[in-house]
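Architecture and fold: a report
Spelled out, the chains give:
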Amino acid sequence: AVVSTQSTGEDDPIIDVGQNAKPLRLAMNTNQYGRTFQDRTHMFVVLPRTDGMAGKKIHNLNVRGKRGNIVQTFPAVEYDFVPNKLTIPESDLLHIQWTGSNTHNNGNPGGDGQTGDAGEGTGGTDRNNFLQMLRSDLNYPAPFEKSEFWEGVKSVNYPQATGLDLAIGFATSGYYCGYESFGQCAAGNHVSDTNKAEFQNQLNNAPASYFGHVLRFTKPGTMVYLCTRNNNFTNRSQKGVLWVKPQ
């Protein structure tokens, strides 16, 4: 057999690891090199910074995982915020956003995991939202009027949005862009518009993906948060904590 120190493109090559050690054989089948077992390609767009973002460090707070319990999602994971613990200085920016799908198909055969899509709301769909909790040992959100976090942030990409507008947008995954119409929140997309269809309380008619906001901070503080749809026994915890430290 040929002893090689680098890839030879052969099946089950025997390799020399050096230092007078005995050669070792790799379990390698070159027939598999060109095959795609699981297509996990994605496309994303990198947008240019606005003037308000110039020279600032931007942290990304996103969501990972897919619909289902721990067995059904394998080899992926259940829903979780990522990072679910984040400490940033007051001078940095934070982009909270997420992506989802309306077309999960976890029927027979189940692939790597088992069949089924355990979860809340319409089957085969992802939904997320972002609401403050008063304490980390709770499992329900604080009322908007007690959500102090939104008093200490401003939107860089939607500068006319109030704290209440931001809270509503994140709570509804963008189904509403705010409480009332403002510059970037057109008529027909806010809570006060009576012509808009009623919001479904499990986010079924909310967007699967949400661009969110790039936030700047006006004061330090702590934000403990959760997703109301996915934070349950079946799909484990979807909660997180954000610490904004003073300059």
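Residues numbered from 1 in each chain as written. Predicted model: local features only at pLDDT ≥ 70, side-chain atom pairs only at ≥ 80, totals over all residues. Heavy atoms only, no water.

The next point concerns the pattern of salt bridges. Applying the stated rule across the entire model yields three salt bridges. For D117, the salt bridge is made with R67, and the minimal N-O distance between the two is 3.1 Å. With D117 in the loop between β7 (93-98) and β8 (131-133) and R67 in the loop between β4 (58-64) and β5 (80-82), this residue pair connects regions lying 50 residues apart in the sequence. Assessed through its relative accessible area of 28%, D117 is described here as partly exposed. We classify R67 as buried; its relative accessible area is 4%. Of the charged contacts in the structure, one is a salt bridge between R135 and D137, with a shortest N-O distance of 2.9 Å. Of the residues examined, D137 reaches a relative accessible area of 54% and is grouped as exposed. (Salt bridge = Lys/Arg side-chain N within 4 Å of Asp/Glu carboxyl O. Helix = DSSP H or I, 4+ residues; strand = E, 2+ residues; numbered from the N terminus. Buried < 20%, exposed > 50% of the residue type's maximum accessible area, 1.4 Å probe, protein only.)

Under the defined criterion, the tally for this structure stands at one disulfide. What pairs with C177 in a disulfide is C185, and their sulfur atoms sit 1.8 Å apart. Across the disulfide from C177 to C185, rotation about the S-S bond amounts to roughly 75 degrees, and the bridge is consequently right-handed. With relative accessibility at 0%, the residue C185 sits in the buried group. (Disulfide = S-S within 2.5 Å.)

Residues of strand β6 (residues 85-89) alternate between two faces, with L86 and I88 buried on one and K85, T87 and P89 left unburied on the opposite face. Direction of pairing for β6 relative to strand β12 (residues 239-245): parallel, over a ladder of five bridges. Opposite K85, over in β12, you have V241 as the bridge partner. (Pairing = 2+ DSSP bridges.)

With that out of the way, let us pick up the layout of surface pockets. As a volume, the second largest pocket reaches approximately 170 Å³. Residue lining of the second largest pocket: 15 residues in total, with E148, F149, P220, G221 and T222 positioned closest to the centre. Sorting the residues of the lining of the second largest pocket by element identifies β11 (221-226) and β12 as the ones contributing at least two each. The biggest single contributor to the lining of the second largest pocket is β11, with three residues. For the lining of the second largest pocket, the class distribution of residues is eight nonpolar, four polar and three charged. (1 Å grid on protein atoms, 1.4 Å probe; cavity = no way out; pocket = protein on both sides within 12 Å on 5 of 7 lines; lining within 4 Å. Points joined across faces, edges and corners; volume = space filled by probe spheres on them. Nonpolar A, V, L, I, M, F, W, Y, C, P; charged D, E, K, R; others polar.)

Another point: a nonpolar patch on the surface. Judged by side-chain polarity, F144, L164, Y179 and V191 come together as a nonpolar surface patch covering roughly 320 Å² of accessible area. Summarising the element assignment, Y179 is placed in the loop between α1 (163-171) and β10 (210-217). Note on Y179: relative accessible area 38%, which makes it partly exposed. (Patch = residues over 30% accessible without salt bridge, like charges linked within 9 Å, V, L, I, M, F, W, Y side chains within 5 Å. Areas by Shrake-Rupley, 256 points an atom, 1.4 Å probe, with all protein chains shown as cover.)

This paragraph deals with the confidence of the model for the chain. This prediction gives the chain a mean pLDDT of 88; 92% of its residues lie at or above 70. The secondary structure element of the chain with the lowest average pLDDT is strand β1 (residues 3-4), at 58, and the one with the highest is β7, at 98. (pLDDT = per-residue confidence, 0-100.)

Okay, the sheet that holds β8 next. What the four strands build is an open sheet, ordered β6-β12-β11-β8; its pairing is mixed. Edge positions in the sheet fall to β6 and β8, since each of these pairs with one other strand and no more. Geometrically, the sheet is characterised by an average inter-axis angle of 35 degrees between neighbouring strands, direction not taken into account. Sheet topology places β8 next to β11; three bridges connect them, and they run antiparallel. When the bridges of β11 are listed, L131 appears paired with L226. (Axes fitted to C-alpha atoms, helices over the stretch in contact; angles between N-to-C directions.)

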